[in-house]
Amino acid sequence: MQRAGKGRTPRRPKKPSNIEKDPVGVYCRIRPLGGEDEECCVEMISSSTIQLHAPDGLKANRNGEYKETQYCFKKVFGIKTTQIELFEDVAKTLIEDLIHCKNGLLFTYGVTGSGKTYTMTGSPGEGGLLPRSLDMLFNSIGPFQAKRFVFKPDEKNGIEVQNQLDALLERQKRDSQLSVPKTPSSRQRVDPEFADMINPDQACKFEGVDEDCCYSVFVSYIEIYNNYIYDLLEDAPFDPIRPKPPQSKILREDQNHNMYVAGCTEVEVKSTEEAFEVFWKGQKKRRIANTELNRESSRSHSVFTVKLAQAPLDADGDHILQDKSQVNVSQLCLVDLAGSERTNRTRAEGSRLREAGNINQSLMTLRTCMEVLRENQMCGTNRMVPYRDSKVTHLFKNYFDGEGKVRMVVCVNPKAEDYEETLLVMRFAEMTQEVEVARPVDRPICGLTPGRRQRNQAFKDELSRRLEERGGPVNGDPVQLNQLIESLPPLPPCELSDPSDDQTLPRLMEVLERRYRIRQKMTEQFNQTANNMKFTLQQFESQFSSKENVLHDQRSKLGEKDKVITNQRTEIERLEKKSKTLEYKIDILQKTTEMYEQDKRSLQQELESREQRLQKELAERRRMEQRMQGVVTDTKLKWERECERRVNAKQLELQNKLWVKDEKLKQLKAIVTENGGASGGPTEPPRKPERPSRERDRNVAQKSSASPTPLSTVPPVHPMHRRSHSAGGEKWVDHKPASNLDLDTVMQPIIPNAIKVSTPNEKALSKCHRYVLRHQELASDGEIETKLIKGNVFKTRGGGQAVEFTDIETLKQEGPTAPSRKRRSGSGEGPAQADDIENRPPVANISSSHGYQKRRRP
């Protein structure tokens, strides 16, 4: 089919914020234990509360006691609850809402083997929720059902109305198909008869059915297996040679934004027996398997949908209005969810393992949707609900968005082996009760006069009664004709004796004219009487309609009052449950507080004892520290004296070695000099070196500190002035920062014609041509190194002054015993050169004349 135009999906209109909401109705049903010797972990405390006991062997909590938890529901059904009691409390109101054009969703939830299928379907003699719902529906609308095929599904989740001729042709076609005998086939399971499911004494009926409408019921049955949807009522041709797997269905959205299964078979049923027969036909196709925990375990989620179509009668109360907009469709979904299970208990393998994984995944998605709905409602957030993650939640998302009532029956198996799974089910049920669903609104009422069917039926009954009294049709009644003829004037004799008779015809004409006038008068009287009767009937009808409207208003007000009372009662029950829960929590908190107080007192006592012990240890430590401090001081003084003695001895030893080397060098120098004098002339005899005196070493040792510190700097031997490269005829700016230290060395830069400044300024720079900066830094050996950074001063285009650095000089002071000094020796150097090396001054001045390049230190 081609679309007229491509466009966006129309958005669902926003619902008003003040719409009334009802919480999801959650009920709990406890199944009996399989044997008397089995351990029970569930206890029914009241009609709305159960308590879970941890079984023996389960890990205890930190107090050494087993944790007992209580959970509240709208109502709890014990092991002695009958199916009729469960139906009246859970599903009866859903059938009433279904007849009042309101949707409903009822599903069973629980672990595998907890009795979900029994609760929904039942057994012979104990029918479940599904057969009892069908029985109540047909008991209520039975007399007001339309003929078959008057309502017809349009394959787009809608219902259209056919005329009488098309419906008749459809019925004849169906009768001809049913008349063909089918090949008998052996049934694997015997179909239970509906008469055996429900006791006639337990039949229910709803009295508030609108008699001015015609009803028709359609049923469909699907299953969701491995997250795929299959139609259980589809009549697929069976091929024994090449059997084909069933075709899965897809979900679609109709024009009212409701989800439905496209291509699903919808069967029109006219009785409870026929509907249950259709259900059992699909039930035989449902996938079940034998597991370790359940002999007949459901491996899929089943959805049995009951769709009720109703349309008003016309003004005469005889035929259905041929207007599709006046057709109201409501549906009730009865869902039997597959049970959650753990593979380590069921020992599933292969396809069973895959089925269990898909079942648990769909149930987890349902739990996630409930959590997001609760968070959005309680916290005011607008998180997206992940309905599309599973086919189950995607199919029923309209119900959670406010398209009908939602009720859940939680089935519980009280045996101890299912305790952990039951605990998870209880938490999910407790969370689901906090989710609120918008209350469905009432459908608009047709504007026609109520009571049309009853008046039409009364008219037909009266007409048939009169026909029976008269024994024939009213128009052909001979008695009535004779009475009318007798009331008219008698006709004169009409025989003509001769042609000249001129009296007979005038008399006959006169009598006929009299009869004609009497007939006209009777017709006028009859029309007048009929008009008066019509006027009287119209008055009676208007009065009756006004009375009906007043009565309807009173009933609606009474219904509103009843709703208010019901809501108040529900609110009171909820508050009572909440009060009991809070009291229970307060008791638990009081016990916890007392336990914490006791722990606090014991911890305080322990803390005080530890503080006393700590004080004792601190006092003992202080005494030990004082004792050790005296020992350390004595040891320190002893080692300082020993180090001082060793340093003095080492200094004396090194000086002696140095004196011996000097003696050898001077002797070598004398020999070289003698050789030179013998060849060139007389020379001055060499001076005998003097041995360093012990007194000097003694004075140096007295001035040195007690600790083994480095030797003090020895003053230079030859106090000679060195002329700086900065001396010249130019004018200099001598920039000496205030942070520089005065080293009092002999070799200092002397710059004539210099302007000394601590901070350079434009005035000083404009008067000079050269610039020098004294910079001090700490060298790698720990001595202070002075650098003279020189440059040229020139004018800029803007009229300012700029400096271009061209040279760096380094001034450094070194001791005579510095380890970095190396003695040069070689065949080309004489003794005089060696003597100069040994006796040179410790201050070295190295200059660089190539811009920023820095010379290495010798």
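Calculation criteria
- Residue positions are given per chain, counting from 1 as you read along its sequence in written order.
- Residue-level local features of this predicted model are given only where pLDDT is at least 70; pairs of side-chain atoms are given and counted only at 80 or more, and the full residue set underlies all totals for whole chains, interfaces and linings.
- Heavy atoms throughout the structure, all of them, feed into the side-chain values; hydrogens and water do not.
- In this text, helices come from DSSP runs of H or I with a minimum length of four residues, and strands from runs of E with a minimum of two, each type numbered from the N-terminal end.
- Each residue gets one of three labels from its accessible area relative to the maximum for its type: buried under 20%, exposed over 50%, partly exposed in between, using a 1.4 Å probe on protein chains only.
- Any two residues having at least one pair of non-hydrogen atoms within 4.5 Å are treated as being in contact.
- Using the Shrake-Rupley algorithm and a 1.4 Å probe, accessible areas are obtained, with residue cover drawn only from the displayed protein chains.
- Here the expected span of a helix is defined as 1.5 Å times the quantity of residues minus one.
- Polar contacts, as used here, are pairs of N or O atoms within 3.5 Å; protein pairs need one atom able to donate a hydrogen and one able to accept it. Residues neighboring in sequence count only if both atoms are side-chain atoms.
- Between rings of Phe, Tyr and Trp, where Trp is taken as its six-membered ring, a pair exists when centres lie within 6.5 Å; planes separated by under 30 degrees are stacked, by over 60 edge-to-face, and by other angles tilted.
- In this analysis an axis means a line fitted to C-alpha atoms, helices contributing only their contacting stretch, and an angle means the value between N-to-C directions, from 0 to 180 degrees.
- Two helices crossing with the near one rotated counterclockwise from the far one by less than a right angle form a left-handed crossing, whereas a clockwise rotation gives a right-handed crossing.
- Throughout this entry, Asp, Glu, Lys and Arg are counted as charged residues, while Ala, Val, Leu, Ile, Met, Phe, Trp, Tyr, Cys and Pro are counted as nonpolar. The remaining residues, Gly among them, count as polar.
- Two strands qualify as a pair provided that DSSP identifies no fewer than 2 bridges between them.
- Two joining distances apply to patches: 9 Å for like charges and 5 Å for nonpolar side chains (Val, Leu, Ile, Met, Phe, Trp, Tyr), and every residue must have over 30% relative accessible area and no salt bridge.
- Each reported salt bridge corresponds to a side-chain nitrogen of Lys or Arg within 4 Å of a carboxyl oxygen of Asp or Glu.
- Here Asp and Glu are counted as negative and Lys and Arg as positive; His is not counted, and neither are the chain ends.
- Only buried residues count toward a nonpolar core. Its members are Ala, Val, Leu, Ile, Met, Phe, Trp, Tyr and Cys residues joined through side-chain atoms within 4.5 Å.
- The pLDDT value tells you how sure the predictor is about a given residue, anywhere from 0 up to 100.
- Here the site of a charge means atom NZ of a Lys, CZ of an Arg, CG of an Asp or CD of a Glu.
- Roughly parallel refers to an angle under 35 degrees, roughly antiparallel to one over 145, roughly perpendicular to one between 65 and 115, and oblique to any angle outside these ranges.

Looking at the overall build of the protein chain
Alright, step 1. Check the secondary structure of the protein chain and you find 18 helices and 29 strands.
Alright, step 2. Burial status across the protein chain gives 33% buried among its 858 residues.
Alright, step 3. Summarising the internal contacts of the protein chain: among those between residues at least 6 apart in sequence, 71% fall at separations of at least 24.
Alright, step 4. Surface accessibility of the protein chain: about 56700 Å² in total, with carbon and sulfur atoms responsible for 51%.

Digging into helix α4 (residues 129–141)
Think of an α-helix as turning once every 3.6 residues; residues three or four places apart then point the same way.
Alright, step 1. With 13 residues, α4 should cover 18 Å at 1.5 Å per step; its first-to-last C-alpha distance of 19 Å lies within 8% of that length.
Alright, step 2. Most of α4 sits out of view: twelve of its 13 residues are buried.
Alright, step 3. Three or more residues of α4 are buried, namely L129, L130, P131, R132, S133, L134, D135, M136, L137, F138, S140 and I141.

A look at the environment of H100
Alright, step 1. For H100, the position within the fold is in the loop between α2 (92–99) and β7 (103–109).
Alright, step 2. A C-alpha to C-alpha distance of 7.7 Å links H100 and D442, two positions 342 residues apart in sequence.
Alright, step 3. Of note is the side chain of H100, whose polar atom sits 3.4 Å from the backbone oxygen of G208.

A short note on the packing of aromatic side chains
Alright, step 1. Counted according to the given criterion, the structure contains ten aromatic pairs.
Alright, step 2. Linked through ring pairs, Y221, F276, F279, W280 and F304 together constitute an aromatic cluster.

Thoughts on the packing of helix α9 (residues 351–379) against helix α12 (residues 419–432)
Alright, step 1. Look at α9 against α12: their axes get within 9 Å of each other, and the N-to-C directions meet at 35 degrees. As α9 packs across α12, the resulting crossing turns out to be left-handed. On the side of α9, the interface is formed by L366, R367, M370, E371 and R374, while α12 contributes L424, R427, F428, M431 and T432.
Alright, step 2. Residue composition of the contact of α9 with α12, by class: five nonpolar, one polar and four charged.

What to know about helix α7 (residues 272–283)
Alright, step 1. Spanning twelve residues, α7 covers 16 Å between terminal C-alpha atoms, matching the ideal 16 Å at 1.5 Å per step.
Alright, step 2. Most of α7 is tucked away, with nine of its twelve residues classed as buried.
Alright, step 3. Taken together, the buried positions of α7 are T272, E274, A275, F276, V278, F279, W280, G282 and Q283.

Description of the pairing of strand β26 (residues 770–778)
A regular strand places its side chains on the two faces of the sheet in alternate fashion.
Alright, step 1. For strand β24 (residues 732–735) and β26, the ladder comprises four bridges, and the chain directions are parallel. For H735, the partnering residue across the bridge sits in β26 and is L773.
Alright, step 2. Sheet analysis places β26 next to strand β27 (residues 784–795), joined by nine bridges and oriented antiparallel. In the strand pairing of β27, V772 is matched with K790.

Thoughts on the sheet that holds strand β4 (residues 49–52)
Alright, step 1. Spatial ordering of the open sheet is given by β3-β4-β5, a layout of three strands whose pairing is antiparallel. Two strands lie at the open edges of the sheet, namely β3 (42–44) and β5 (69–72), each paired on one side alone. Each strand axis lies, on average, 25 degrees off the axis of its neighbour in the sheet, ignoring direction.
Alright, step 2. In the sheet, β3 pairs with β4 via three bridges, with the strands oriented antiparallel. In the sheet register, V42 faces β4, and the bridge partner there is L52.

A short note on a nonpolar patch on the surface
Alright, step 1. On the surface, L165, L168 and L169 cluster together into a nonpolar patch covering about 280 Å² of accessible area.
Alright, step 2. Relative to the elements of secondary structure, L168 occurs in helix α5 (residues 164–178).
Alright, step 3. Judged by relative accessible area, L168 falls into the partly exposed class, the value being 37%.

Looking at the environment of F805
Alright, step 1. Assignment of secondary structure puts F805 in strand β28 (residues 801–813).
Alright, step 2. Assessed through its relative accessible area of 27%, F805 is described here as partly exposed.
Alright, step 3. In this structure the C-alpha to C-alpha distance between F805 and G791, which are 14 residues apart in sequence, comes to 3.8 Å.

A word on the pattern of salt bridges
Alright, step 1. Using the criterion set out here, one finds 26 salt bridges in the structure.
Alright, step 2. Each of the salt bridges in this network shares a partner with another, and the network as a whole consists of E20, D22 and R439.

Let's talk about the side chain of D212
Alright, step 1. If you trace the backbone, D212 turns up in the loop between α6 (194–197) and β12 (213–225).
Alright, step 2. Of the buried charged residues, D212 lacks a salt bridge, with R452 as the closest side chain of opposite charge at 4.2 Å.

Quick word on unusual backbone geometry
Alright, step 1. Phi at N227 is positive, roughly 65 degrees, even though this residue is not glycine.
Alright, step 2. Looking at where N227 falls in the secondary structure, it is placed in the loop between β12 and β13 (228–231).
Alright, step 3. Here N227 falls in the partly exposed class, since its relative accessible area comes to 30%.
Alright, step 4. The phi angle at H257 is positive, at roughly 65 degrees, despite the residue not being glycine.
Alright, step 5. Along the chain, the position of H257 falls in the loop between β15 (251–253) and β16 (259–261).

Topic: the nonpolar core
Alright, step 1. Grouped together as the largest cluster of nonpolar side chains are 55 residues, with contacts concentrated most on I50, F73, L105, F396 and M426.
Alright, step 2. Beyond its immediate chain neighbours, meaning those up to four positions away, M426 contacts I50, L52, Y71, F73, V410 and V412.
Alright, step 3. By size, the runner-up hydrophobic cluster in this structure holds 46 residues, among which are I99, L106, L232 and V409.

Focus: the confidence of the model for the protein chain
Alright, step 1. Looking at the protein chain as a whole, its pLDDT mean stands at 79, while 76% of the residues score no less than 70.
Alright, step 2. For residues 179–190, every residue scores under 50 in pLDDT, and the model assigns this stretch three contacts once sequence neighbours within four places are set aside.
Alright, step 3. A low-confidence stretch, residues 699–727 (pLDDT under 50), is modelled with 39 contacts involving residues beyond four sequence positions or located in other chains.

Notes on the pairing of β5
Alright, step 1. The two faces of β5 differ: T69 and Y71 on one face are buried, but Q70 and C72 on the other face are not.
Alright, step 2. As paired elements, β4 and β5 share four bridges and run antiparallel to each other. Bridged to Q51 within β5 is Q70.

Brief notes about a negative patch on the surface
Alright, step 1. Taken together, E36, D37, E38, E39, D56 and E417 make up a surface patch of like negative charges.
Alright, step 2. Relative to the assigned elements, E417 resides in the loop between β22 (404–412) and α12.
Alright, step 3. On the accessibility criterion, E417 (51% relative accessible area) is exposed.

Section: the packing of helix α1 (residues 83–90) against α2
Alright, step 1. Axis separation between α1 and α2 bottoms out at 4 Å; the angle between their running directions is 45 degrees. Taken together, the axes of α1 and α2 are oblique relative to one another. Between α1 and α2, the contacting residues are F87, E88 and V90 on the first element and K92, T93 and L94 on the second.
Alright, step 2. Across the contact of α1 with α2, the residue classes tally to three nonpolar, one polar and two charged.

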